[in-house]
2 protein chains.
Amino acid sequence: MSTPPFPHTPTKAPKRAARKRPLATVADADGNRRADLIRVSARLFREKGFDGTTIRDIAAEVGMRSGSPFYHFKNKQEILAAVMEEGLVAGLEATEKIMASAQSPREKFRTLVRSHLETVLAEGHDFIPVLLYEWRSLPPDLQARIIELKDRYDLQWQHMLNQLKQAKLIRNDGKVARLLLLGAINYSAQWYKPGKGLSLDQLADQTVEFFLSN
Amino acid sequence: MSTPPFPHTPTKAPKRAARKRPLATVADADGNRRADLIRVSARLFREKGFDGTTIRDIAAEVGMRSGSPFYHFKNKQEILAAVMEEGLVAGLEATEKIMASAQSPREKFRTLVRSHLETVLAEGHDFIPVLLYEWRSLPPDLQARIIELKDRYDLQWQHMLNQLKQAKLIRNDGKVARLLLLGAINYSAQWYKPGKGLSLDQLADQTVEFFLSN
DNA sequence: CCTACCGATCGGTAGG
DNA sequence: CCTACCGATCGGTAGG
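Focus: the overall build of chain A
Part 1: Summing up its helical and strand segments, chain A has 9 helices and 0 strands in all.
Part 2: Starting at the N terminus and ending at the C terminus, chain A contains elements arranged as α-α-α-α-α-α-α-α-α.
Part 3: In chain A, buried positions account for 49% of the 214 residues.
Part 4: Long-range contacts, defined here as pairs at least 24 residues apart, represent 70% of the contacts in chain A between residues at least 6 apart.
Part 5: Accessible surface, chain A: about 10900 Å² in total, of which carbon and sulfur atoms supply 53%.

Below, the structure is given as C-alpha cells:
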C-alpha cells in the first residue's frame, strides 16, 4: 500500500510519478515535476518557513493548480521530508567522498569546510538550511529516516575532528567541539549573502584559519 | 497617535496597559498582563515558530479570549517585536556590565560566554532564540529598532574579540571571526536541552577552551 | 494533473 | 478585556 515515496538516488527518475505522464510544460521539458516541486519547495521553505509557505505558493511556482502537488506527495509534510532527504543524500555523498580521499588532515579539513559551505550557502542550495532550521515542522514519524542520514553526516565530521586532534591542529575533538564547529558553519546560513562580501573560497579559508592551530 | 508601544525597561510597568485595569486573574495577581503575553509568546514562538503560533494559542496560555491580546498589541507582529526587544534589552544590559568590569581578557571572555549561554539556553529564556530564528517574520518597519539594539550587542562582542587578539588568545578578530564565534554559541540553541547532559557552566568552560589558545 | 469544492482555522475588529 | 463575528485563506479531497 505504501511503498517508499522517495527515490534514494536523486539521479534516478521516480517510478510512481511516471505512471501517468502529463503534458510537459514550458518550464520543464523533461517532465520531472516531482523534482521541480522539491527544488521550488526548498527555496520557499527557506525564504518563508514551512508554515509560511502554502501549497498554493509551491504549485504556482511550478505552474500547477493548487490541488496538484498532492498527486506527487501525500501531504505538505512529505514534501518537507523530501527536501531534507534530497539535501542530505547529496551532502553525504560529497562528504564521504572527501573523507575517503588521500589528503593531509589540514587539506582534507579545508576541502570539507568548502564543500559544506557550498551545501549550506550556495545559490539554489536550500535543502540543508531547511533541514537545519525547519526541523520542528517535520512530524516524528518522518524524522526517523532523516535522522539516520544525519547521523552518518555527523559521523564523518567526527572522524575529521579526530584526525585534526591527532595532527595537533585542534585542542579538542569531543562531541561539544563538533557541535561548536559545525554550529559556527551552519549558522553562516543566517548571515551570509551569496554574491555579497566574501566568496565561498575566502570564507572557507578564514574558517580554517580561525579554527586550526598553526 | 503612535507613542512607542513598549517600555524600554522591563522592570517598569507599561503605561498604556494600566489605563483601564481589568480584574486580576488567578494566573497573575499583579495584573501585568502585557508582560505575561510577551513571556508566553516568546515560549510559543520558540517552540512552534511565529507562523505556527496562533493568537488563540497565546490568549489561551494567559487565560484570555482570542480577541483580547489586541487590546495590548496592535497586531501579531508587534508581539514578536516586543519579544525580541525584551530579550535584547536584558542581554545588552548584562553584556555591557561585563565589558565594563575589570577582569582579565580570559576571565572576561569566560563570563561573557557564560552570560550569553544563559541568555540563549536557560529555561524561560526564549527571547533571544526567537530573535535569532524568527527574524524573517518581523516586518521591515519593526526591524529598525531591533537592529539598533542588536548592533550595540555585536559591538560589545567585537570589543571582546579585539581584547582577546591583543592578549594573543585568538588568532583572528575580524568580523568573520566574530560571526563564527557567536554563530557557534547561538547555534547551541538548536541542540542544547536544559537539564540534559552538560550544565551551562560546563558548556561555557568547554566553549572557552575550544576557542582560546593557551 | 485540473476543476470544484469543503471544513477548519486564522488574524483582526466593532461594540460594549 | 469579553462577545460575537467576518472575510480570507489554508490543507486537502472527489471525481474526472
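Details of the interface of chain B and chain A
Part 1: In this complex, chain B contributes 33 residues to the contact, which on the side of chain A involves 33 residues.
Part 2: Taken as a group, Leu180(B), Tyr187(B) and Phe210(B) account for 25% of the area that chain B buries against chain A, more than any other trio of residues on that side.
Part 3: The interface formed by chain B and chain A contains 2 salt bridges.
Part 4: Across the salt bridge formed by Arg136(A) and Glu134(B), the nearest N and O atoms sit 2.5 Å from each other.
Part 5: On the surface where chain B and chain A come into contact, there are 9 residue pairs in polar contact (both at pLDDT 80 or more).
Part 6: Listed by contribution, the elements that provide at least two residues to the side of chain B that touches chain A are α1 (33-48), α6 (127-133), α8 (175-186) and α9 (200-211) of chain B.
Part 7: Ranked by the residues each element gives to the side of chain B that touches chain A, the list is headed by α8(B), at 8 residues.
Part 8: Among the residues forming the side of chain B that touches chain A, the class breakdown is 16 nonpolar, 9 polar and 8 charged.

Focus: helix α9 (residues 200-211) of chain A
Part 1: In this model α9(A) runs 16 Å from its N-terminal to its C-terminal C-alpha over 12 residues, within 8% of the 16 Å that 1.5 Å per residue would give.
Part 2: By the burial criterion, the buried members of α9(A) are Leu200(A), Leu203(A), Ala204(A), Thr207(A), Val208(A), Phe210(A) and Phe211(A). Buried residues of α9(A), viewed axially, fall in a sector of 165°; they line one side.
Part 3: Tucked inside the fold, the buried residues of α9(A) contact α5 (105-121) and α8 (175-191) of chain A together with α8 and α9 of chain B.

So, the protein's contact with DNA strand D
Part 1: Surveying the vicinity of DNA strand D reveals 17 residues, the closest of which are Arg33(B), Met64(B), Arg65(B), Ser68(B) and His72(B).
Part 2: Atoms of DNA strand D within 4 Å of the protein: sugar and phosphate make up 60%, bases the balance.
Part 3: Within the backbone of Thr53(A), one N or O atom sits 3.4 Å away from a phosphate oxygen of DNA strand D.
Part 4: One nitrogen or oxygen atom from the side chain of Arg56(A) is found 2.9 Å from a base nitrogen belonging to DNA strand D.
Part 5: A class-by-class count of the residues in the surface near DNA strand D yields 5 nonpolar, 8 polar and 4 charged.

Focus: the pattern of salt bridges
All names here are of chain A.
Part 1: As enumerated under the stated definition, the model contains 35 salt bridges over all chains in all.
Part 2: Notably, a salt bridge pairs Arg110 with Asp201, separated by 3.4 Å at the nearest N-O pair. Taken as a pair, Arg110 in helix α5 and Asp201 in helix α9 lie far apart in primary sequence, 91 residues in all.
Part 3: Judged by relative accessible area, which is 24%, Arg110 ranks as partly exposed.

A word on the confidence of the model for chain A
Part 1: The share of residues in chain A with pLDDT of 70 or more is 85%, and the mean pLDDT across the chain is 88.
Part 2: Across residues 1-30 of chain A the pLDDT falls below 50, and counting only partners more than four positions away or on other chains, this stretch makes 30 contacts in the model.

Details of the relation of the copies chain B and chain A
Part 1: Relative to chain A, chain B is turned by 180° and slid 0.0 Å along the rotation axis, the superposed coordinates differing by an RMSD of 0.0 Å. On the angle and the small slide along the axis, the relation comes out as a two-fold axis. Within chain B, Ala184(B) has its C-alpha nearest the rotation axis, a separation of 1.9 Å.
Part 2: Of the interface residues in chain B, 100% have counterparts in chain A that sit at the interface too, so the contact is made through matching surfaces.

Calculation criteria
Numbering of residues starts from 1 in each chain and follows the order in which that chain's sequence is written. A letter from A marks each chain and a number from 1 marks each ligand, given out in the order of writing. Restriction of local features to residues with pLDDT of at least 70 applies here, the model being predicted, together with a cutoff of 80 or more for giving and counting side-chain atom pairs; totals for whole chains, interfaces and linings are based on all residues. Values shown for side chains rest on all heavy atoms present in the structure; no hydrogens or waters enter the calculation. By definition, any uninterrupted DSSP run of H or I lasting at least four residues is a helix, any uninterrupted run of E lasting at least two residues is a strand, and each is numbered from the N terminus. A simple rule labels every residue: compare its accessible area, found with a 1.4 Å probe on the protein chains alone, to the largest value its type can have, and call it buried under 20%, exposed over 50%, or partly exposed in between. By the convention used here, residues are in contact when the closest approach between their heavy atoms is within 4.5 Å. What sets the accessible areas is the Shrake-Rupley method with a 1.4 Å probe; for residues, cover comes only from the shown protein chains. Once two parts are joined, some of their accessible surface, as seen by a 1.4 Å probe, is lost; buried area is that loss totalled over both. For this analysis, a salt bridge means a side-chain nitrogen from Lys or Arg found within 4 Å of a carboxyl oxygen belonging to Asp or Glu. Distance and chemistry together define a polar contact, namely a pair of N or O atoms within 3.5 Å, with one atom able to donate a hydrogen and the other to accept it when in protein, and with adjacent residues in sequence counting only for side-chain atoms on both sides. Any residue that is not Ala, Val, Leu, Ile, Met, Phe, Trp, Tyr, Cys, Pro, Asp, Glu, Lys or Arg is counted as polar, Gly included; the first ten are nonpolar and the last four charged. The length a helix should cover is 1.5 Å for every residue beyond the first. Read the arc as the range of directions from the helix axis to the C-beta atoms. The criterion for a residue being near a molecule or strand is simple. One of its heavy atoms has to lie within 4 Å of it. Looking at any residue, its pLDDT shows the predictor's confidence there, from 0 to 100. The superposition of copies rests on a least-squares fit of C-alpha positions from residues with pLDDT of 70 or more in both.

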